[in-house]
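Secondary and tertiary structure notes
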Amino acid sequence: MRAPSMGSGRMALDTGNIPKELQDHPDWKDVAPSITDAPTLGDGLHVARTHSGRSLAELSSVTRVPTRYLTALEQNDFSVLPNRVFSIGYVRAYAGALGLDEQLAVERFKRESPDPSVPLQPPVGVAFEEVKRYSPRLIAAGLALVLAVVGWNVFQRVSLMRAPQPSDLAAVPESWTLGAVPGQGQFMRLTAPRPAPPDQTVPALYITPGLEAELTGIDPASPEGIAAAAAAAPPVQKAFNPRGAVYGAAANASRVVLQARNSAYLIVRMSDGRVLFARQLAAGDAWRAPVGVSATVEVQDVSAFDVYLNGEHGGALEAVQTPLERLNSRAQTLARQAAAAIAARTEAARTAAVQAQAQAQLQAASAMQGSAADTAGG
């Protein structure tokens, strides 16, 4: 009977009684000791490889583990090994190739080379037992504290409480009577409301004599002068009232405003063909025309736009295409006419005031002369 070769298969870990005829066979080899009997994991692996009669190169080809890592495992030089997952795989493969218990080898590797990334923690049971042991004392201390606080508050409230006592006042003083004045109760009577006294009403508007005549040249006491001034004054046109978005130039840099009565197109082209403004305006939207720009205003319906010159209504557009210079010139002319009219009215008022003052002086001088003549005759 031929014993099986120990180098061609997994080595058995049974170290019981071996028949003598098997031990006397030329191919017989003693079974390697268990991995737990060696002082270290590396010693156990080295002894097992020595008993197997195989070299590191042969085991490297079987396990597909580099020779340097197998040497590091036998020498317990775990710093050479790669990360922990690969190291455990190498230990398992090396132990399996030598016929050792793979799980025992892995457990011993973990024990001899602990993972530094996992911090050591105390057993959960120890902390739990500590809390469980001191819990009654902590609860009793908390209840005692709560009872002490509640008892102190109750004591303070009870100590401040006083039994109701009768008042020491024999009679209510006369000065405590609502609305009463001591010693004058018999004179107070409730009557109907009276109107406010004259000194609390709004005073009449004071008009400086001669001020309006000096400023306007119109005597406020003369109905004929007021009527003549109203007839000579130019009519006030409807002012521009923004009722939507306002596009174009700023208010202080424009004299002409085009406002849409209803939804309509408005296109403004420069003299070189460039489009300065193009938009479909909604009802109430307006466009302020800049001053000193050579352009043409194009609309589809002339009745859809109102023209405002210097803030006042100036009618509608005259044509579908209107030069912007014409509108600006018209606004400038109206502004000059209004300024001239204001200057003329101011000058006329000043002249009338001077004449009135001269006439008043003549009348005063005549009155003085008459008074002197009467005094001399008497």
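Okay, so let's go over this structure. All values reported here derive from a predicted model rather than from experimental measurement.

1. Overview of the overall build of the protein
Scanning the protein for helices and strands turns up ten helices and nine strands. A sequence separation of at least 24 residues applies to 58% of the contacts in the protein between residues at least 6 apart.

2. Notes on the sheet that holds strand β2 (residues 254-260)
Strand pairing in a sheet relies on backbone hydrogen bonds. The paired strands run either parallel or antiparallel. If you trace the five strands from one edge of the open sheet to the other, you get β1-β5-β2-β7-β8, paired in mixed fashion. Pairing within the sheet leaves two strands with one partner each, and these edge strands are β1 (246-248) and β8 (312-316). Between one strand axis and the next, the sheet turns through 30° on average, direction left out of account. With five bridges joining them, β2 and strand β7 (residues 305-309) adopt antiparallel strand pairing.

3. Some remarks on the packing of aromatic side chains
Pairs of aromatic rings are described using the distance from one ring centre to the other and the angle between the two planes. Here the structure, examined in full by the defined rule, presents six aromatic pairs. Measuring from centroid to centroid gives 5.1 Å for Phe78 and Phe109, while their planes differ by 80°, and the two rings are edge-to-face. On the criterion of sequence distance, the pair formed by Phe78 in the loop between α4 (67-74) and α5 (84-97) and Phe109 in helix α6 (residues 102-112) is long-range, its members being 31 residues apart. Residues Phe78 and Phe109 agree in their burial class; the two are buried. Between Trp152 and Phe155, the ring centres sit 6.1 Å apart and the planes meet at 40°, which makes this aromatic pair tilted.

4. Describing the packing of α4 against α5
At a minimum axis distance of 11 Å, the contact between α4 and α5 shows a crossing angle of 85°. Between α4 and α5, the angle is such that the two are roughly perpendicular. Residues Tyr69, Leu70, Leu73 and Glu74 of α4 lie in contact with α5, whose contacting residues are Tyr90, Val91 and Tyr94. Here the residues of the contact of α4 with α5 are counted per class, giving six nonpolar, no polar and one charged.

5. Considering the environment of Gln332
When you line up the elements, Gln332 lands in helix α10 (residues 324-377). Considered as a pair, Gln332 and Val256 are 76 residues apart in the sequence and their alpha carbons are 9.7 Å apart.

6. Some thoughts on the pairing of β2
Counting buried residues along β2, six of its seven residues qualify, which places the element largely inside the surrounding structure. Two elements, β2 and strand β5 (residues 286-290), share five bridges in a ladder whose sense is antiparallel. Residue pairing in the sheet places Val257 in a bridge with Arg288 of β5.

7. Overview of the sheet that holds strand β9 (residues 321-323)
The strand order β4-β3-β6-β9 describes an open sheet built from four strands, whose pairing is antiparallel. Of all strands in the sheet, those with a lone pairing partner are β4 (275-281) and β9, marking the two edges. Each strand of the sheet is rotated relative to its neighbour by a mean of 15°, with strand direction disregarded.

8. Regarding the nonpolar core
With 24 residues, the main nonpolar core has Leu45, Leu73 and Tyr94 as its most contacted residues. Of all the elements in the fold, those that place two or more residues in this core are α2 (41-52), α3 (56-63), α4, α5 and α6. When near neighbours in sequence (up to four residues on either side) are disregarded, Leu45 contacts Ile35, Leu73, Glu74, Tyr94, Leu98 and Leu100. If you look at the next biggest cluster of nonpolar residues, it comprises 22 residues, including Val268, Trp287, Ala304 and Leu309.

9. Structural notes on the side chain of Gln259
Within the secondary structure, Gln259 is located in strand β2. Within the local environment of Gln259, its side chain forms a polar contact with the backbone oxygen of Asn241, the two atoms lying 3.0 Å apart. Engagement of the side chain of Gln259 in a polar contact is seen with the backbone oxygen of Gly284, the distance being 3.3 Å. Contacts of Gln259, omitting those with residues within four sequence positions, involve Phe240, Asn241, Pro242, Arg243, Gly284, Asp285, Ala286, Ala304, Phe305, Asp306 and Tyr308.

10. A few points about α6
Since the α-helix packs 3.6 residues into each turn, any two residues three or four apart lie on the same face. For α6, the complete set of buried residues consists of Ala105, Val106, Arg108 and Phe109. One side of α6 carries all its buried residues, which in axial view fall inside an arc of 165°. On its buried face, α6 is in contact with α2 and α5.

11. Topic: unusual backbone geometry
For Asn76, which is not a glycine, the phi torsion comes out positive at approximately 60°. In the Ramachandran plot, Asn310 falls in the positive-phi region, its phi being about 55° despite a non-glycine side chain. Tracing the sequence through the fold places Asn310 in the loop between β7 and β8.

12. Observations concerning α3
Regarding α3, the residues found buried are Leu56, Leu59, Ser60 and Thr63. Taken around the axis of α3, the buried residues stretch over an arc of 105°, which confines them to a single face. Among the exposed residues of α3, those pointing more than 90 degrees away from its buried face are Ala57 and Ser61. The inward-facing, buried residues of α3 contact α2, α4 and α5. Directly beyond the C-terminal end of α3, a positive phi value near 60° is found at Arg64.

So, how was this worked out
The residue count restarts for each chain, going from 1 along the sequence in the order it is written. With the structure being a predicted model, the display of local features is reserved for residues of pLDDT at least 70 and the display and counting of side-chain atom pairs for 80 or more, all residues being used for whole-chain, interface and lining totals. Only hydrogens and water are set aside; all other atoms, that is, all heavy atoms of the structure, feed into the side-chain values. Put simply, DSSP marks the helices as runs of H or I at least four residues long and the strands as runs of E at least two long, and each gets a number from the N terminus on. Between two residues, a contact is recorded if the distance between any of their heavy atoms is within 4.5 Å. For two strands to be treated as a pair, DSSP must find at least two bridges joining them. Throughout, an axis means a line fitted to C-alpha atoms (over the contacting stretch in the case of helices), and angles, computed between N-to-C directions, take values from 0 to 180 degrees. Working definition: rings of Phe, Tyr and Trp (its six-membered ring) pair if their centres are within 6.5 Å, and the pair is stacked with planes under 30 degrees apart, edge-to-face with planes over 60 apart, and tilted otherwise. Categorising residues by exposure relies on relative accessible area from a 1.4 Å probe, with only protein chains included: less than 20% of the type maximum marks a residue as buried, more than 50% marks it as exposed, and the intermediate range marks it as partly exposed. Any angle that is under 35 degrees is reported as roughly parallel, and any over 145 degrees as roughly antiparallel; angles of 65 to 115 degrees are reported as roughly perpendicular and all others as oblique. Note on residue categories: nonpolar means Ala, Val, Leu, Ile, Met, Phe, Trp, Tyr, Cys or Pro, charged means Asp, Glu, Lys or Arg, and polar means any other residue, Gly included. Only buried residues count toward a nonpolar core. Its members are Ala, Val, Leu, Ile, Met, Phe, Trp, Tyr and Cys residues joined through side-chain atoms within 4.5 Å. Polar contact is defined as a pair of N or O atoms within 3.5 Å, subject to the rule that within protein one atom must be able to donate a hydrogen and the other to accept it, and that residues adjacent in sequence are counted only when both atoms are side-chain atoms. This arc is built from the directions going out from the helix axis to the C-beta atoms.

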